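So the chains spell out like this:
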Amino acid sequence: MLLRPSERWLQAHSSRYGYCSVSSSHAVSNEHRKTGGSGFSSKLAAGPSFRDFVKNVAAGEKGSPDLQEEAEETHPYLPEDSQIGTGRKVYFETYGCQMNVNDTEIAWSILQKKGYLRTSDLAQADVILLVTCSVREKAEQTIWNRLQQLTALKRRRPRSQTPLKIGILGCMAERLKKQLLEREKLVDVLAGPDAYRDLPRLLSVSESGQQAINVLLSLEETYADVMPVQLHPQARAAFVSIMRGCDNMCSYCIVPFTRGRERSRPLASILQEVRMLSDQGVKEVTLLGQNVNSYRDTSEVQFCSSEPTHMSRGFSSLYRDRKGGLRFSELLERVSRIDPDMRVRFTSPHPKDFPDEVLQLIQERHNICKQIHLPAQSGSTRILQAMRRGYTREAYLELVDHIRSVIPEVSLSSDFIAGFCGETEEDHLQTVSLLREVRYNVGFLFAYSVRKKTHAYHRLQDDVPGEVKQRRLEELIRVFREEAASLNLGLVGSTQLVLVEGVSKRSAVELSGRNDSNVKVIFPNLEDPTDCASGGTAGIKPGDYVRVKVQQEHCTARILLTRLTLVYRSAQGRQQTQQHSSDMSKKHEANVFNNSYKQLKTPVGWFR
Ligand code: SF4
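Residues numbered from 1 in each chain as written. Predicted model: local features only at pLDDT ≥ 70, side-chain atom pairs only at ≥ 80, totals over all residues. Heavy atoms only, no water.

Taken in spatial order, the three strands line up as β7-β10-β13 in an open sheet, and their pairing is parallel. For this open sheet the edge positions go to β7 (237–241) and β13 (343–347), each flanked by a neighbour on one side alone. Each neighbouring strand pair of the sheet contributes to a mean axis angle of 25 degrees, computed without reference to strand direction. Of the pairings in the sheet, the one linking β7 to strand β10 (residues 284–288) comprises five bridges and is parallel in character. Its bridge partner being in β10, Phe239 is matched across the sheet by Thr286. (Pairing = 2+ DSSP bridges. Helix = DSSP H or I, 4+ residues; strand = E, 2+ residues; numbered from the N terminus. Axes fitted to C-alpha atoms, helices over the stretch in contact; angles between N-to-C directions.)

Now for the sheet that holds strand β5 (residues 189–191). Strand order across the open sheet formed by six strands is β2-β1-β3-β4-β5-β6, with parallel pairing between neighbours. Edge strands, defined here as strands with exactly one partner in the open sheet, are β2 (117–118) and β6 (212–214). Judged from the three bridges that link them, β5 and β6 form a sheet pairing that is parallel. When the sheet's bridge partners are listed, Ala191 is paired in β6 with Asn214.

Throughout the structure, instances matching the rule amount to 35 salt bridges. Here Asp188 makes a salt bridge to Lys154, at a shortest N to O gap of 2.6 Å. A residue pair is termed long-range when its members are at least 10 positions apart, and Asp188 in the loop between α8 (177–183) and β5 and Lys154 in helix α6 (residues 137–156) qualify at 34 residues. With respect to class, Asp188 is no different from Lys154; both count as buried. Of the charged contacts, one joins Arg201 and Asp198 as a salt bridge, the two residues approaching to 2.8 Å between their closest N and O atoms. Here the two residues Arg201 and Asp198 agree in accessibility, since each one is buried. (Salt bridge = Lys/Arg side-chain N within 4 Å of Asp/Glu carboxyl O. Buried < 20%, exposed > 50% of the residue type's maximum accessible area, 1.4 Å probe, protein only.)

Attention now goes to the environment of Arg404. Within the secondary structure, Arg404 is located in helix α15 (residues 393–406). For Arg404, a relative accessible area of 29% corresponds to the partly exposed category. Distance from Arg404 to Leu359, taken between C-alpha atoms, is 9.6 Å for residues 45 residues apart in sequence. Here Arg404 is in contact with Val410, Leu412, Val438 and Arg439, once residues within four sequence places are set aside. Within the structure, the side chain of Arg404 is placed 3.3 Å from the backbone oxygen of Arg439, a separation counted as a polar contact. (Contact = heavy atoms within 4.5 Å. Polar contact = N/O pair within 3.5 Å; in protein donor to acceptor, adjacent residues only side chain to side chain.)

Counting 58 residues, the largest nonpolar core has Ile242, Leu287, Phe328, Leu331, Ile372 and Tyr440 as the members making the most contacts within it. The leading source of residues in this core is α15, at seven residues. With 24 residues, the next largest nonpolar core counts Trp108, Leu129, Val226 and Leu231 among its residues. (Core = buried A, V, L, I, M, F, W, Y, C linked by side-chain atoms within 4.5 Å.)

Quick look at the packing of helix α16 (residues 425–438) against helix α18 (residues 466–489) now. In the contact formed by α16 and α18, the axes pass within 9 Å of each other and the chain directions differ by 15 degrees. The angle between α16 and α18 falls in the class roughly parallel. Crossing hand, α16 versus α18: right-handed. Mapping the contact onto sequence places Glu425, His428, Thr431, Val432, Leu435 and Arg436 in α16 and Arg471, Arg472, Glu475, Leu476, Arg478, Val479, Phe480, Glu482 and Glu483 in α18. (Parallel < 35°, antiparallel > 145°, perpendicular 65-115°, else oblique. Left-handed = near helix turned anticlockwise from the far one by under 90°.)

Strand β18 (residues 510–514) sits mainly inside the fold: five of its five residues count as buried. Burial along β18 is two-sided: the residues Glu510, Ser512 and Arg514 and Leu511 and Gly513 are all buried. Alignment of strand β17 (residues 495–503) against β18, held across four bridges, turns out to be antiparallel. Among the inter-strand pairings, Leu499 is bridged to a residue of β18, identified as Arg514. Where β17 folds back on β18, the antiparallel hairpin that results is connected by six residues. Once β18 ends, the chain turns through five residues before running back antiparallel as strand β19 (residues 520–524), passing Asn518 with a positive phi of about 70 degrees.

Taken by themselves, the reported measurements are silent on function.
Right, here's the structure in full:
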């Protein structure tokens, strides 16, 4: 009998991009020709090959539609309909970073397609999925505590109901699989960050009372074809994942072990998702990745060249230089052109990947926020070396100066670790002085906690006592706040464009939003009876841009609240705004302010 590739496979290939790695693509094709269309019975007759035990052997094969289909292929030992959710209700809890929020949306998209429903009421849930974080010990402890509560809930479930299933997704599933299965016997499903496509099958297996686990890391999984389903459909801001994993291997960091190697999602699928979000009325997208500005798409032949990667001056990486591929500046440019009314942010970048073309683009494009996260981690060159960050204090400060010379109005944020292995008082004071010198608008500061598997765990000594770490952390936080407060004080009297997010958490009569620098802004929820052309009332809605005048600076915690007075509100719909705007030019801004925004007649000068 002549074996022919299945039609599904042929369709998928007819619309494929050409892959840079021609040989690997070829290898995939040959493999499919051998097995395509033959089905499980011929595989069974031939017996399993080595490939059957290895996930995605050839580089480039996952993420292509043929492989996505493979991921969705049926499992002969499970009846097809056992993977159908049949109205079972899933409850998600998300911990950690924005990547986890986006992962939750991906997991939900996959389960929704299989007939699951979502509930925000824990008591209604048939399946509880925790999307977890491993980056610090405290984050993991939170999950362990939560598991205790959830397993108690599971035990109390009446026998008349279908048994409750508990699943751990993400980094903790990857890092602590053994402990989770042994210690928390009532955990039913473990799925690592690259195994969400397998969730329906894992849940099916757990139905029979077995624990189901898939924590295989992939070299290629980017979930390019999975359109995330937003957990809050009314939200006017969305995350778009553009790359996954990390190759930097900073000595303290668990991420490369839990999320695997760096890989980028194809440009076309990112643009498609951003267009879709724009059509839904989303006004702000944040491009996400563990090293978002290391983005390098090699999915199309025309992206391949021998051009080396441009790094920031004075920076280096542990891995060998990579050549070719469509880089972050090009992606950012293409995303920012989709909708001039849509703000674009990105996180979390690595300071080494800020070549001039990225900085110039941020400066030129009206809708790319002038806000850069520049994780320093320490102000001491000695500690930076121990952390394997690939730069010195001097190189970092030179980059800060350069960024400010290209984008004068830029706001900077950063991450810092207090009390890393071997950190002396002198090293700590270097970090204090870096905070004073750079002056960040937003900061994320933590005490070091050792992570197993990392270089620091194996080779360095966690020798700074806990109370010293805590004292140093408090000093860093105090200095950061002082500097941020004085930066924000400088905003008093200025007028800022704010994207409205919704009602303030502190008061139902106030709204909150963010300015271009990502600083939270609180302002009164005004209704202006004379505002509408129709003569009716018009409230300010999430997704409106309002122009506000800063009245007061108010520093509370990590995020600084700035008391503002509302001056303008969006008086016209998005369609009209778009008519006035051309690309991201200054003209757009002038039109927004002069035509699409109308001065309110209701109280100006409100403040508390
Ligand atoms: S760049 Fe360093 S800190 Fe950031 S995810 Fe990679 S290894 Fe971790």
